[in-house]
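Coordinate analysis (summary)
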Amino acid sequence: MPAVASLSAPSPSPASRRRRLSPAAAAASLRRAASGGGSSWRSERRLMSELERTVTAGAAERVIRGYVGTKSERAALAALSRLLMDSDPLAIPFYDAVTQARWFKWSSIHAAAVAALLEVNGSTGESRSLISDSISQHLQSTNDVALFYCDLMAAFSSRGLKDRAMDFYTELRSMPLSGRKTYMSMIKSLCLMGLASEAEEALKEMVSLGYQPEAFQFGLVAKCYGKSGSLVDMERVIASMSDAGIRLGTGAANIVLSCYSSCRDHSKMLAWLKKMRKLRVAPTTKAYNFVLNSCPTLASVVQELGPSLPLSTTELVKKLKSGSPRTAEAELVHELLASSSVLDKAMEWSESEVKLNLHGFSTIAAYVLMLQWVDVMKSCTLPLEVSVVCGIGKHSDVRGEPKVRELAQEVLSQMGSPLRLSTRNKGRLVAKRDRVKQWLASFPVPEESKDQSPDASSQQPFIFTLFRKVGQLFSTLA
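A brief look at the structure comes next. (Residues numbered from 1 in each chain as written. Predicted model: local features only at pLDDT ≥ 70, side-chain atom pairs only at ≥ 80, totals over all residues. Heavy atoms only, no water.)

**Concerning the pairing of strand S5 (residues 428-432)**
- Summarising burial for S5: four of the five residues are buried, a large majority.
- Direction of pairing for strand S3 (residues 385-389) relative to S5: antiparallel, over a ladder of five bridges. If you follow Glu385 over to S5, its bridge partner there is Lys432.
- Strand direction decides the pairing type here: strand S4 (residues 420-421) and S5, joined by two bridges, are antiparallel. Directly across from Arg420, in S5, lies its bridge partner Val430. (Buried < 20%, exposed > 50% of the residue type's maximum accessible area, 1.4 Å probe, protein only. Helix = DSSP H or I, 4+ residues; strand = E, 2+ residues; numbered from the N terminus. Pairing = 2+ DSSP bridges.)

Next comes the structure, spelled out in structure tokens:
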């Protein structure tokens with residue numbers, strides 16, 4: 001375990017005060033940094049490894065200052081975000097080093113997270129000093145202060161400091177509030193704290209003041225009620241969306257499915273999926289993840305990956321029907337499989353390659369999508385190469401563990417697939433057309449299978465169809 005360095009709360013330079021980052025930009029910066037990518041991700045892993053080997057606070061501080069002084073803004077913020085998300089005490093000296101960088105821009109989210117971490121580590125005075133300095137030096141308007149209090153509520157409550165989070169809420173409520181963004185941020189923070197009734201009051205107040213909420217705010221409040229077991233209140237908030245003029249589009253449908261998935265109400269999810277199909281609202285990747293992740297029998301099947309693993313959609317539905325006490329679970333999967341919208345979006349066609357992109361899918365959703373993909377590929381006219389892109393684990397729950405890749409390799413191996421790990425891209429499985437055709441020919445073509453190839457799909461670009469037909473003509477003449 002690396003040594004803990006306890007440094008004083010930093011005093012930002014005059015240049016940094018002039019370059020204050022707006023709350024929206026700060027949030028976007030934190031999301032970008034957290035997503036990592038490329039060389040910054042690899043350098044971050046090397047940094048974490050080096051910090052784990054340090055034995056004194058001074059050594060850790062030298063490593064941190066050397067890293068921040070030589071790396072790009074993106075790489076430094078990615079590392080800071082990682083440390084803050086893990087509530088690592090080394091985030092405190094790291095933040096101090098970041099404030100000294102020439103590119104430093106003050107961020108409400110970062111400052112709130114560091115203040116909470118200082119308090120967790122017993123440095124209450126330094127935490128309060130950082131908060132007061134942030135307000136006096138960086139925040140010019142009441143709305144800016146209100147947004148900072150919302151970030152403080154979220155940061156402190158997520159680290160178990162509920163009483164301090166409530167103190168910030170009391171301060172927030174003592175201020176004259178205005179602005180749609182302020183209410184949106186307050187609702188989000190209250191839901192993170194588990195205060196569903198207070199969040200609903202803020203939502204009603206927002207509507208009464210003429211600030212139009214989005215489906216997302218209703219979803220946060222509904223999900224908060226659902227997590228606490230208040231399903232009646234959850235459904236009441238969902239129903240109130242239409243009263244607020246929010247129509248059932250893709251975003252609203254995802255929110256509703258997310259609410260029902262949080263309490264595993266399969267019958268309600270099934271009813272919503274059928275309603276979506278009737279209204280021609282196609283499921284999205286998020287909906288696919290929400291629904292399938294809520295199926296315990298399916299989750300156990302994917303977790304075991306044993307010899308009895310279903311290797312087709314038909315086998316999967318049969319297994320769920322026979323092995324699940326919840327009949328709606330099998331019906332849910334069957335309803336999702338009836339739509340090809342998620343698969344269509346995940347498949348990328350060109351004249352030289354067809355690619356299944358599994359980025360953004362959980363392991364459970366990736367498994368079901370692969371079965372659906374194999375069914376469709378049986379009736380496709382294939383380009384020269386077939387690949388499955390599954391990544392190397394940068395966005396896994398445990399970063400760097402390629403769970404989706406491991407699952408894809410195991411499932412395809414059990415199917416006898418020729419797809420193998422690319423030597424040039426460790427996050428991609430690939431095979432040539434002829435070998436894939438031979439493999440797919442060993443499967444029976446389902447009767448209800450539709451031709452999803454670009455030749456039969458109006459969604460594929462005309463030029464790809466033309467290339468394919470010309471290729472077929474020359475192969476016939478040869």
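Past the structure itself, the notes keep going.
**Digging into the side chain of Ser258**
- Along the chain, the position of Ser258 falls in helix H15 (residues 250-262).
- For Ser258, a relative accessible area of 5% corresponds to the buried category.
- A polar contact is formed between the side chain of Ser258 and the side chain of Lys223, at a distance of 2.8 Å.
- If sequence neighbours within four positions are ignored, Ser258 has contacts with Lys223 and Phe290. (Polar contact = N/O pair within 3.5 Å; in protein donor to acceptor, adjacent residues only side chain to side chain. Contact = heavy atoms within 4.5 Å.)

**Looking at the pairing of strand S2 (residues 353-357)**
- Strand direction decides the pairing type here: strand S1 (residues 347-349) and S2, joined by three bridges, are antiparallel. When the bridges of S2 are listed, Trp349 appears paired with Val354.
- Once S1 ends, the chain turns through three residues before running back antiparallel as S2.
- Considered for its hand, the β-α-β crossover made up of S2, helix H22 (residues 363-377) and S3 is right-handed. (Right-handed = clockwise from strand over helix to strand, strands pointing away.)

**Here's the deal with the packing of helix H14 (residues 231-243) against H15**
- Two numbers describe how H14 lies on H15: the axes approach to 11 Å, and their chain directions differ by 175 degrees. One way to sum up the angle between H14 and H15 is to call them roughly antiparallel. Along its contact with H14, which presents Met234, Glu235, Ile238 and Met241, the element H15 presents Ala252, Val256, Cys259 and Tyr260.
- Among the residues forming the contact of H14 with H15, the class breakdown is seven nonpolar, no polar and one charged. (Axes fitted to C-alpha atoms, helices over the stretch in contact; angles between N-to-C directions. Parallel < 35°, antiparallel > 145°, perpendicular 65-115°, else oblique. Nonpolar A, V, L, I, M, F, W, Y, C, P; charged D, E, K, R; others polar.)

**What about the nonpolar core?**
- By size, the foremost hydrophobic cluster in this structure holds 145 residues, and its most contacted members are Phe94, Tyr288, Leu298, Leu356, Leu358, Tyr367 and Trp373.
- For this core, the element with the highest residue contribution is H22, accounting for twelve residues.
- Apart from residues no more than four positions distant in its own chain, Tyr288 is found in contact with Leu336, Leu337, Val342, Phe361, Ala365, Val368, Leu369 and Gln372. (Core = buried A, V, L, I, M, F, W, Y, C linked by side-chain atoms within 4.5 Å.)

**Regarding the sheet that holds S1**
- The five strands lie next to each other as S1-S2-S3-S5-S4, forming an open sheet whose pairing is mixed. In the strand order of this sheet, the two ends are held by S1 and S4, each with one partner.
- On the sheet, helix H23 (residues 403-414) packs against S3, S4 and S5 and is oriented at approximately 30 degrees with respect to S5.
- Strand contacts of helix H24 (residues 433-441): S3 and S5, with the helix running at about 90 degrees to S5, the strand carrying the most contacts.

**Some remarks on the side chain of Arg405**
- Along the chain, Arg405 turns up in helix H23.
- Notably, Arg405 is buried but unbridged: the nearest opposite-charge side chain belongs to Glu406, and the N-O separation is 5.7 Å.
- Filtering out sequence-adjacent residues up to four positions away, Arg405 remains in contact with Cys390, Gly391, Ile392, Leu421, Lys426 and Gly427. (Lys, Arg positive; Asp, Glu negative; His and termini not counted. Salt bridge = Lys/Arg side-chain N within 4 Å of Asp/Glu carboxyl O.)

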